[in-house]
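Examination of the molecular architecture
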Amino acid sequence: MADQTHVLFVEDDDVIREATQLALERDGFAVTAMPDGLSGLEAFRADRPDIALLDVMVPGLDGVSLCRRIRDESTVPVIMLSARADSIDVVLGLEAGADDYVTKPFDGAVLVARIRAVLRRFGHAGGADRGEEGAAAAAGGVLTFGELEIDTEGMEVRRAGQTVALTPTEMRLLLEFSSAPGTVLSRDKLLERVWDYGWGGDTRVVDVHVQRLRTKIGQDRIETVRGFGYKLKA
């Protein structure tokens, strides 16, 4: 297990849980599967997995609440699983700190692709961390935008001298904006660059993460350009 990517999978449907666990294990993942939120939280604290897959509707402690508890303790990537693409639960999960979501029923290959995409962003499975460090080093030094400071080498952010805690996804999003201040970046472009989507994705993922980032670095620092996307104010 030490050489494998460890997945925590929380799902109350026995058939889905067992079938998905087998499919992930066939793809080389080590999987801890739990039927409810409370046992999922215990497993997370005991095993410290590389990524968590959380169904929204699980008993005991629902998936959104579990995501919040995990995010209070860790920046480990989280993917929410929701039965409805238009459900408010999708937005609630992202607002709780999830990095992505997958709609049920899902194709096993799509789920694996999404897991690998998230892991690449977080520096697992293929050396994405080294690539990010190289990009940061190339940028060099500290970027300053008003009271906002971005240390692209130390991967730290400060606002008015106070350290701002960002998740890896939020950091990558901010680095994209700061690499081209004043330039409008479309939601599709951000999905491609930050979420590593080589296919169409739900732009709500971008919108919610931008809003979360705004609450941390200042609501007026990232401007919405209606019909086009977002830009960082220089």
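Since the structure is predicted, the reported quantities are computational estimates derived from the model, not experimental observations.

What about the confidence of the model for the protein chain?
Averaged over all residues, the pLDDT of the protein chain is 87; the fraction at 70 or higher stands at 88%. The low-confidence segment residues 124–139, where pLDDT is below 50, has 17 contacts with residues more than four positions distant or belonging to other chains.

A look at the sheet that holds strand 5 (residues 100–103)
Strand order in the open sheet formed by five strands is 2-1-3-4-5, with parallel pairing between adjacent strands. The open sheet is flanked by strand 2 (30–34) and strand 5, the only strands paired with a single partner. If you compare each strand with its neighbour and ignore which way they point, the axes differ by 20° on average. The pairing of strand 4 (residues 78–82) with strand 5 spans four bridges and is parallel. Bridge assignment links Ile79 to a residue of strand 5, and that residue is Asp100. Seen against the sheet, helix 2 (residues 37–47) touches strand 1 (6–10) and strand 2 and runs at an angle of roughly 165° to strand 1.

Observations concerning the sheet that holds strand 7 (residues 148–151)
Pairing is antiparallel in the open sheet, where four strands are placed in the order 6-7-8-9. The open sheet has two free edges, formed respectively by strand 6 (142–145) and strand 9 (162–164), since each of these has just one partner strand. Going from strand to strand, the sheet's axes swing by 25° on average, the running direction of each strand aside. Pairing of strand 8 (residues 156–159) with strand 9, which is carried by three bridges, proceeds in the antiparallel orientation. Considered in strand 9, the bridge of Arg159 is made with Gln162. Each of strand 6, strand 7 and strand 8 touches helix 7 (residues 168–179); the most contacted strand, strand 7, lies at about 105° to it.

Thresholds, definitions, all that
- Residues numbered from 1 in each chain as written.
- Predicted model: local features only at pLDDT ≥ 70, side-chain atom pairs only at ≥ 80, totals over all residues.
- Heavy atoms only, no water.
- pLDDT = per-residue confidence, 0-100.
- Contact = heavy atoms within 4.5 Å.
- Pairing = 2+ DSSP bridges.
- Helix = DSSP H or I, 4+ residues; strand = E, 2+ residues; numbered from the N terminus.
- Axes fitted to C-alpha atoms, helices over the stretch in contact; angles between N-to-C directions.

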